[in-house]
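Chain by chain, the residues:
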Amino acid sequence: MKLTFTGTAVLFLIVMISGRAQKVNPDARLVEEFEARINDYVKLRKQVEGTLPALKPTGSQGAIKHHEHELAERVRKERHGATQGNIFTPDVAAEFRRLIGLAMQGKDASHVHQSLQHAEPVRVRLVVNEPYPSGVPLQSTPPTLLMNLPRLPPDIDYRVVGNNLVLRDAKSNLIVDFIPNAIP
Amino acid sequence: MRRFTFLSVLAILVVARGQAPAPELKLPVAANSVRFAVIGDSGTGDRAQYEVGEQMARYHASFPFDFVLMMGDNIYGSETPADMKRKFEDPYKPLLDAGVKFYACLGNHDNPNQRLYKPFNMGGQRFYSFKKGNVSFFALDSNYMDPAELEWLTTQLSQSGSAWNICYFHHPLYTHARFHGADVDLRTRIEPIFEKAGVNVVLTGHQHVYERIKPQNGIYYFVLGNSGELRFHDLRPSPDTIKGFDTDRTFMLVEIAGDTFNFQTISRTGQTVDSGALPRQPKPNQTNGPIR
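Given the structure is predicted, the values throughout are model-derived calculations rather than measurements.

Observations concerning the overall build of chain B
Check the secondary structure of chain B and you find six helices and 13 strands. Its C-alpha radius of gyration of 20 Å places chain B within 12% of the 19 Å reference for a compact globule of 292 residues. For chain B, the spread of C-alpha atoms along the principal axes amounts to about 75 × 45 × 40 Å. Burial analysis of chain B (292 residues in total) assigns 59% to the buried set. Within chain B, counting contacts between residues at least 6 apart in sequence, those at least 24 apart form 68% of the total.

Some thoughts on the pattern of salt bridges
Residue and element names in this part refer to chain B. The full count for this structure, using the stated rule, is 32 salt bridges over all chains. Here Lys93 makes a salt bridge to Asp97, at a shortest N to O gap of 2.7 Å. Taken together, the residues span about one helical turn, with Lys93 and Asp97 both in helix H4 (residues 93–97) at a distance of four residues. A salt bridge links Asp248 to Arg268, with the nearest nitrogen and oxygen atoms 2.9 Å apart. Of this pair, Asp248 sits in the loop between strand E10 (241–245) and strand E11 (250–257) while Arg268 is found in the loop between strand E12 (260–267) and strand E13 (272–279), placing the two residues 20 residues apart along the sequence.

What about the interface of chain B and chain A?
With 37 residues of chain B in contact, the opposing surface of chain A contributes 37 residues. When the buried surface of chain B facing chain A is broken down by residue, Leu116, Tyr144 and Asp185 of chain B rank first, second and third, together holding 21% of it. At the junction of chain B with chain A, the criterion picks out three salt bridges. Across the salt bridge formed by Glu79 of chain B and Lys65 of chain A, the nearest N and O atoms sit 2.6 Å from each other. Inspection of the region where chain B meets chain A yields 17 residue pairs in polar contact (both at pLDDT 80 or more). When contributions to the side of chain B that touches chain A are tallied by element, the ones reaching two or more residues are helix H3 (81–89), helix H5 (147–158) and helix H6 (184–197) of chain B. Of all the elements, H6 of chain B adds the most residues to the side of chain B that touches chain A, at five residues.

Remarks on the pairing of E13 of chain B
Looking at chain direction, E12 of chain B and E13 of chain B are connected through seven bridges and run antiparallel. Residue pairing for E13 of chain B: Phe261 of chain B is matched across the bridge by Leu278 of chain B.

Let's talk about helix H2 (residues 47–62) of chain B
Think of an α-helix as turning once every 3.6 residues; residues three or four places apart then point the same way. For H2 of chain B, built from 16 residues, the straight-helix expectation of 22 Å at 1.5 Å per residue is met to within 8% by its first-to-last C-alpha distance of 24 Å. Inspection of H2 of chain B places Ala48, Gln49, Tyr50, Val52, Gly53, Gln55, Met56, Tyr59 and His60 of chain B among the buried residues, and these make up the whole buried set.

Concerning the packing of helix H2 (residues 26–49) of chain A against helix H4 (residues 90–103) of chain A
Residues and elements named next belong to chain A. Orientation of H2 relative to H4, taken along the N-to-C sense of each, is 115°, at an axis distance of 9 Å. For the pair H2 and H4, the sense of crossing is left-handed. Here Asp27, Leu30, Val31, Glu33 and Phe34 of H2 come into contact with H4, specifically with Asp91, Val92, Glu95, Phe96 and Arg98. Partitioning the contact of H2 with H4 into residue classes produces five nonpolar, no polar and five charged.

Digging into the confidence of the model for chain B
Residue and element names in this part refer to chain B. Of all residues in chain B, 91% attain a pLDDT of 70 or more, and the chain-wide mean is 92. Counting contacts from residues 10–18, a segment whose pLDDT is below 50, to residues more than four positions away or on other chains yields zero contacts. Across residues 287–292, where pLDDT falls below 50, the model places 18 contacts with residues more than four positions away in sequence or in other chains. Prediction confidence for the complex, expressed as pTM and ipTM, is 0.89 and 0.87 respectively.

Considering the sheet that holds strand E3 (residues 174–179) of chain A
All names here are of chain A. Here three strands make up an open sheet; going across it, the order is E1-E2-E3 and the pairing antiparallel. The sheet is open, and its two edges are formed by strand E1 (156–161) and E3, each paired on a single side. Between one strand axis and the next, the sheet turns through 30° on average, direction left out of account. Inspection of the sheet shows E1 paired to strand E2 (residues 164–169) by six bridges, in the antiparallel sense. If you follow Val161 over to E2, its bridge partner there is Asn164.

Conventions we followed
Within any chain, residue numbers begin from 1 and follow the written order of that chain's sequence. Ligands are numbered from 1 and chains lettered from A, in the order in which they are written. The model is predicted, so local features are restricted to residues of pLDDT at least 70 and side-chain atom pairs to those at 80 or more, both for listing and for counting; the totals for chains, interfaces and linings are taken over all residues. In computing side-chain properties, one takes all heavy atoms of the structure into account and sets aside hydrogens as well as water. In this description a helix means any DSSP run of H or I spanning at least four residues, a strand means any run of E spanning at least two, and both kinds are numbered starting from the N terminus. The size measure is the radius of gyration over C-alpha atoms, and the globule rule it meets is 2.2 Å times the number of residues to the 0.38 power. Relative accessible area decides the class of each residue, using a 1.4 Å probe on protein chains only: under 20% of the type maximum gives buried, over 50% gives exposed, and in between gives partly exposed. Contact between two residues is taken to exist if any of their heavy atoms lie within 4.5 Å; hydrogens are not considered. By definition here, a salt bridge exists when the distance from a side-chain nitrogen of Lys or Arg to a carboxyl oxygen of Asp or Glu is within 4 Å. Take the accessible area each of two parts loses on contact, using a 1.4 Å probe, and add the two losses: that sum is the buried area. Any pair of N or O atoms that falls within 3.5 Å is considered a polar contact. Within protein, one atom must be able to donate a hydrogen and the other to accept it, and sequence-neighbouring residues count only if both atoms are side-chain atoms. Criterion used throughout: strands pair if DSSP finds at least two bridges between them. Working rule for helices: expected span equals 1.5 Å times residues minus one. To define axes, lines are fitted to C-alpha atoms, for helices over the stretch in contact only, and angles between the resulting N-to-C directions are given on a 0 to 180 degree scale. Each crossing is labelled by how the near helix is turned from the far one, with a counterclockwise turn of less than a right angle marking it left-handed and a clockwise turn marking it right-handed. Residue polarity is assigned by list, with Asp, Glu, Lys and Arg as charged and Ala, Val, Leu, Ile, Met, Phe, Trp, Tyr, Cys and Pro as nonpolar; anything else, Gly included, falls into the polar class. One confidence number per residue, pLDDT, is output by the predictor and ranges from 0 to 100.

Below, the structure is given as structure tokens:
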């Protein structure tokens, strides 16, 4: 009888603990979903990159541009049909809008707004899986904004274009995805 | 007789042209000093950029600097191999031929893949550091100052051990140029790191003017973004500007000799627009010293 009672108590505790562990913050789940999607993209990019000769620093600008172009073409082929929202799904985009809103409130808000206004704003027609237009400046992204967004793998960056938030592949210069009207 | 006079005048002109006066130098040219030049927003490929390059080569003869720091916007517009030649290799050919190395940082007009262009010596990184004598240099990417870069900078500065720490990047933390203004959000994030680590000098570009700012929290700030581009009369008067110049292109020569940062800013036409000798500030944990 004593053993049964102890066993029941242990079972109850296990159920309680596992139940608590399954309670995941919905915001964290969305960030995890985003990270999984961007990691999948990076995995694909690495696979494609592996089919090209490795590029080290070189004095040949032609070699650099050729590598960038070839990488972009092969990634585009692999991601054929990718559209806006493939990585920034509606739920993930909503979470990003919330995080951007947090970054642009409080004591840092005026700094972020000022930084965006002074950062040589650009107007570009955004198309997923197409290169960021050559010769168009890249608007700087305010550090406070970057501190409030999920961290990205190397060579993938967040860029502000107009009031859109763009996910850009620095190696291939491709637009991976974007959130329209993300910046209030 | 008339013919003789004409030939004499011609000969005098040829000789005079061959013996151009030595440039006015306001630097000590001390033994074992660290010598370099600074250019910013240079990559237009226009005549003015070439003329700045010619002045730099002229000064190099009497002030043999070893390297050049580039404040970003190294290549405007397209960046084909022909563009790299026209907007970088040709304007600075005499310097490149003399073995002068260029260390670039990225501006908002630069494709980040410029980090792979070997003559820019970025080692494939968008931010990096290097050391010359008793001076550590930190080339930062102010277009994209993410937490990874801030952490890298904090660690690198804490491990520097150099007498002088110099940070350079594109966007100015302080300026009185009208067009862009200072990047206050960037300043909020990196200035405390500079102060804590004892950064001595900050060099930036982006504004197409030359400006030397009054030391801010003990740090010397320079803006030099007019080595190719120029925004005429863009500076507004400010008591925080020690010297401003917005009517022509410039470059700067620097010589760090012991505890002194000597500098001379020179225009496209060879005019000295600013010069001085700044003492090294004490490290943050030092209690006595000049100004920090």
